[in-house]
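What follows is the residue order along each chain.
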Amino acid sequence: MNTAIKRTGLLHITPGERSALQLIAQGKALGEVCQCLGVPPAELGIHLTTLFAKLGAGSRAEAVAEASRRGIVDMLE
């Protein structure tokens, strides 16, 4: 990823990725996230892998922390 993009937080996060992040930030388990979004676990896994790469995160916790830092999700919602 371009370091200028990473620094400024200019990422293309899809609405589905944003929704998944918000649910994870709320403490939902992966099964609950799948249920809320209406997607199978394999599909959610693919989307999370892509999202982690966009955020430079290695885990759900890192992804939520980075997304919160960048203003992508509000951990208090």
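Fair warning: this is a prediction, and the values are worked out from it, not measured in the lab.

Conventions and cut-offs
Residues numbered from 1 in each chain as written. Predicted model: local features only at pLDDT ≥ 70, side-chain atom pairs only at ≥ 80, totals over all residues. Heavy atoms only, no water. Salt bridge = Lys/Arg side-chain N within 4 Å of Asp/Glu carboxyl O. Helix = DSSP H or I, 4+ residues; strand = E, 2+ residues; numbered from the N terminus. Buried < 20%, exposed > 50% of the residue type's maximum accessible area, 1.4 Å probe, protein only. Contact = heavy atoms within 4.5 Å.

One pass over the full model with this rule turns up three salt bridges. Here E66 ties to R69 by a salt bridge, and the two come within 2.6 Å at their closest N and O atoms. Residue E66 and its partner R69 are both found in helix α5 (residues 60–69); the two are separated by three residues, about one turn of the helix. Residue E66 is classed as buried on the basis of its relative accessible area of 16%.

We now examine the environment of R60. Looking at the element boundaries, R60 is found in helix α5. C-alpha separation for the pair R60 and A25, spaced 35 residues apart in sequence, amounts to 8.6 Å. Other than its neighbours up to four places away in sequence, R60 contacts I24, L30 and F52.

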